[in-house]
Amino acid sequence: MKKIYTLFFTIFILGWNGIAQVVTWNPAFPVDNDSVTIIFNAAQGNAALNNTTGDVYAHTGVITNLSTSSSDWKHVKTNWAVNTPETKLQALGGNLFKLRYHIRNYYNVPVNETILKLAFVFRNPAGTITGKTAAGGDIFVPVFSSSLNCYISDPVFSAAGVPTLSPLNVPISVTGLASSTATLSIYLNNVFVAQNTGTSITTNVTPTSPGTNWVKLSVTDGITTVLDSFSFIVNPAITTLPLPVGAKDGVTYVNDSTVILTLFAPFKSGVYALGGFNNFVAQPSAYMNRTPDGKTYWLQLNGLTPGQEYVYQYLIDGNIKIADPYSEKILDPSNDGSIGVATNPNPTPYPSTKTSGIASVFQTAQTPYNWQVSNFAKPKKTDLVIYELLIRDFIQAHNYKTLIDTLDYLENLGINAIELMPVNEFEGNQSWGYNPDFYFAPDKYYGTRNKFKEFIDACHLRGIAVIMDIALNHSFGQSPMVQMYWDAVNGRPAANNPWYNPVAKHDFNVGYDFNHSTPETKYFTKNVVDHWILNYKIDGFRFDLAKGFTQVNSVGNIGLWGNYDQSRVDIWKDYYDHIHQTDPTNYTILEYFADNSEETVLANYGMMFWGNLVYAYNQATMGYASGSDISWGSYKSRNWNLPHLVTYMESHDEERLLYKNIQYGAAFGGYNTKDTNTALRRMEEAAAFFFTIPGPKMIWQFGELGYDYSINYQNCRVCNKPIRWNYFANPNRKRLYDIYAALAKFKTTQPAMESTTYTLSVGNLYKSIHVNHPSMNITVIGNFDIVAGPINPAFQSTGYWYDYLSGDSIFVSNTTANINLQAGEYHVYTSVRVPLPNAITGIGYSKDQEEIAGINFYPNPSSEQSYITLDVENKAIVSIKVFDLLGNEVAAIAQREVLTAGHHEWIWNLQNKSGARVAKGIYFIQVQNNEQAQSGKIIVE
């Protein structure tokens, strides 16, 4: 029987031909049990390692039958920038480097796995300089079976993964090789061209029709036939037409069966739209029209199936294949597979047999999201209590669905805004999100577009604003705008890139630096913010690295970067004006940290600023006077006209307060701030001096529970951190949560906290704050020392003063009489009694009360058992019952149990009074202590 084998090493599908000039190998037809010699020519490809005098290492793996794409490497030898003797290349001189090894043994590939290709990126020891193809792609070497084999060795293409361009009627030289003597035949579009007997053939093929053309090499020895092929493109004449009225960048939905695709691509000679609508084939009908100014390409697609998702890409100049920069949904074949169906249900199939790389998705006749809240009234800037969170490290399921289910916890904490670390598409899945590549698409690692909208809607229903952290200082290498204009030789954006600087303008840049002085970048940035405001109802933005929005070159001079920069001021005023034209109430928060004179101008203009007080608060909680002055946490200390300083004691960029307390805190006698419980009490004290300074505030996730894992946990700053919801069951940590909640409630509900008449005496370890307002006066005093000592409270008046956090009162006859405070003792006094919120009654200091100090239900949702924990400070008589949504009693867990002081726990096995498992749904657990009752919602799955 005659056997026919097709070798799918085509440039369009797996793309290895383009590396012939970068690497050579021996034997010419390596099989998996061969020893192979790889010669890397550092002067070829992107030439980033050209003339290097240092060592060169191979970052290498294999593509096997289990790989989902050419980027899905298997059996990778080492992690990035890990240097081992077996991955070090031998320098041969003349920019040549050699690596020799036995293929299957080297990669330790199981015998039942078929090796298809060897994959390489060559690098310097630090991994900061990489040798790749001329287009910056990975380098591949084919691995063959042990029978007859062939491949096309010429032409050599400039990039992997895309076809090349060829002029009409111009001959192309083609060379094919065979592993043993055979008959070699060349075909163009299945039309015979030439034949030879031997181990090679060279001939010319001449394309006579525009569009995609295929060259096929057929090799036969009379028994077995093997094939190889590649594609190339012949462009038709380009059509110049103005962009249709109403068409926008990206996808314009004309009707349920018609869209217009638009790509801004100045300096380019031609663009194809490839996708499910044309089987990813670059035929003349896929060649996009060009606008008269030569900058924009567009194509109208008719006859689409309503409601069907179409995957698409752009092929530019025949050697750049990208997803749409304006994509609202992308497919990433390297990372989507690790996203579970609970987070990304009904995933769109990736067309792996037709294309490679990141692709975009559009869909006509989409069902619009039905917003429950159409006119959300944002909290006033002065009232903001923002909760910053990274979804990945906040909830184990890392998705919006679970985050929605967790909003009770955040609402009870008293916050009125959530700031999400970047959720637009970023590179990989496990990330902080500051390595962005697509700015219009929510990252599927956190959920679908509609689930994100549902989360925002759920927040708005609770009066909680949603602030989006976004990184528009830079992009990373998967960004199509970076790839469209790329200097492969220098490994950076090309000089003609409309959006990016070839070299960053400041030392703190990561990725590739946006040039915010160009009209193209300004236009793009404004489209980004409009998209999230108009389509997702985002209430505000926290702009990462906002000080980087400048063309003043400060590289090597960090001080210059922070100096007053009028050009940067003008850029930000322009962006702020645009944002407020779209949404007059939108928050603009800048991570700036520039000279106060510059921040003052922008703060008075209406922008808000991150106020980093981490060091000062931490010095105080550790008991050190030096550096513990927290006065810079007041906008008045900065001489601003408006309270636009978003102060924080912790953020994602800083070390945890409690961690440093435990590691480095001061001690004296029996008082030790390194003791966890003592450190938690000192966190309470810091919170009292945090929330009571008027102005917006920010909490970093789990700070309210005293999170004590280092930012550099396991020596990795940006890696996953332990998620510690069990902290909530710890009475001392729960007490800290309750203090935060009480103070947040106080800040957001008391008119006095909007006062502009206040003074701070916070320069040493004995601190006080005085707030004056017609509704009431506030005096906060605290001893951050590690020994007891007196403080002059300087009450604003005589008479009764009320301790907000304990409910106690004192009568003041002498406003300046010293009060002796124990180490870590603090008080928030008000001239008018302010009751604690009902949900957190019992966090005070009075010891003669019968009260519940802390209550918790977990896990929530629950599928097997629910734990009820209760902390009693003195004594209690407790009953615990479960009710359904109709108020019917489902189960009785405790009946008037007499409890002593301490921690108590019960288990509900999700059974009703008859012992049967309850149905899935929402239930309420009520805990009654004498006349006081508390209840909480639990979800049974």
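Participant: Provide a residue-level description of the state of the cysteines, including the pertinent values.
Facilitator: A complete count under the given rule lists 1 disulfide for this structure. Between the sulfur atoms of Cys716 and its disulfide partner Cys719 the distance amounts to 1.9 Å. Negative torsions about the S-S bond denote left-handed disulfides, and the value of about 70° found for Cys716 with Cys719 makes this one right-handed.

Participant: How would you explain the sheet that holds strand β41 (residues 778-783) if you had to name every residue and give the values?
Facilitator: The strand order β39-β40-β41-β46-β43-β44 describes an open sheet built from 6 strands, whose pairing is antiparallel. Two strands bound the open sheet, and with one partner strand each, they are β39 (758-761) and β44 (809-812). Strand-to-strand, the axes of this sheet are offset by a mean angle of 20°, without reference to chain direction. One ladder, built from 4 bridges, connects strand β43 (residues 799-803) with β44; its direction is antiparallel.

Participant: Go over empty space enclosed by the protein with me, naming the residues and quoting the values.
Facilitator: Within this structure, the stated rule accounts for 4 cavities of 30 Å³ or more. Put simply, the largest cavity is a space of about 150 Å³. Forming the walls of the largest cavity are 14 residues, and the residues nearest its centre are Asp393, Arg656, Trp700, Tyr707 and Lys721. Split into classes, the residues belonging to the lining of the largest cavity amount to 7 nonpolar, 3 polar and 4 charged. Of the voids in this model, the second largest cavity is the one considered here, and its volume is about 60 Å³. Along its surface, the second largest cavity is lined by 14 residues, and Asp332, Glu425, Phe426, Gly428 and Asp443 are the ones closest to its centre. In terms of residue class, the lining of the second largest cavity is made up of 4 nonpolar, 4 polar and 6 charged.

Participant: Help me get a handle on the environment of Ser797, residues and values and all.
Facilitator: Structurally, Ser797 can be placed in the loop between β42 (789-791) and β43. Between the C-alpha atom of Ser797 and that of Trp610, which follows or precedes it by 187 residues, the distance is 35 Å. Apart from residues no more than four positions distant in its own chain, Ser797 is found in contact with Val812 and Thr815.

Criteria and cut-off values
Every chain begins its residue count from 1, and numbering advances along the sequence as written. With pLDDT at 70 or above as the cut-off, local features in this predicted model cover only qualifying residues; side-chain atom pairs require 80 or more to be listed or tallied, and sums for whole chains, interfaces and linings still use all residues. Water and hydrogen atoms were dropped before computing side-chain values, which therefore reflect all heavy atoms in the structure. Pairs of cysteine sulfur atoms within 2.5 Å are identified as disulfides in what follows. Pairing between strands is defined by DSSP: at least two bridges between the two strands are required. Going along the chain from the N terminus, every DSSP run of H or I of four or more residues is numbered as a helix, and every run of E of two or more is numbered as a strand. To obtain each axis, a line is fitted to C-alpha atoms, and for helices this fit is confined to the stretch in contact; angles are then taken between N-to-C directions over 0 to 180 degrees. In this analysis, the protein atoms alone were mapped onto a 1 Å grid. Cavities are point sets where a 1.4 Å probe fits without being able to get out; pockets are open sets with protein on both sides within 12 Å along at least five of seven lines; lining residues have an atom within 4 Å of a point. Grid points are joined across faces, edges and corners, and a volume is the space filled by probe spheres set on the points. In this count, Pro and Cys sit with the nonpolar residues alongside Ala, Val, Leu, Ile, Met, Phe, Trp and Tyr, while Asp, Glu, Lys and Arg are called charged and the others, Gly among them, polar. Whether two residues touch is decided by their heavy atoms; if any such pair falls within 4.5 Å, the residues are in contact.

Such coordinate-based values are descriptive only and should not be taken to indicate function.
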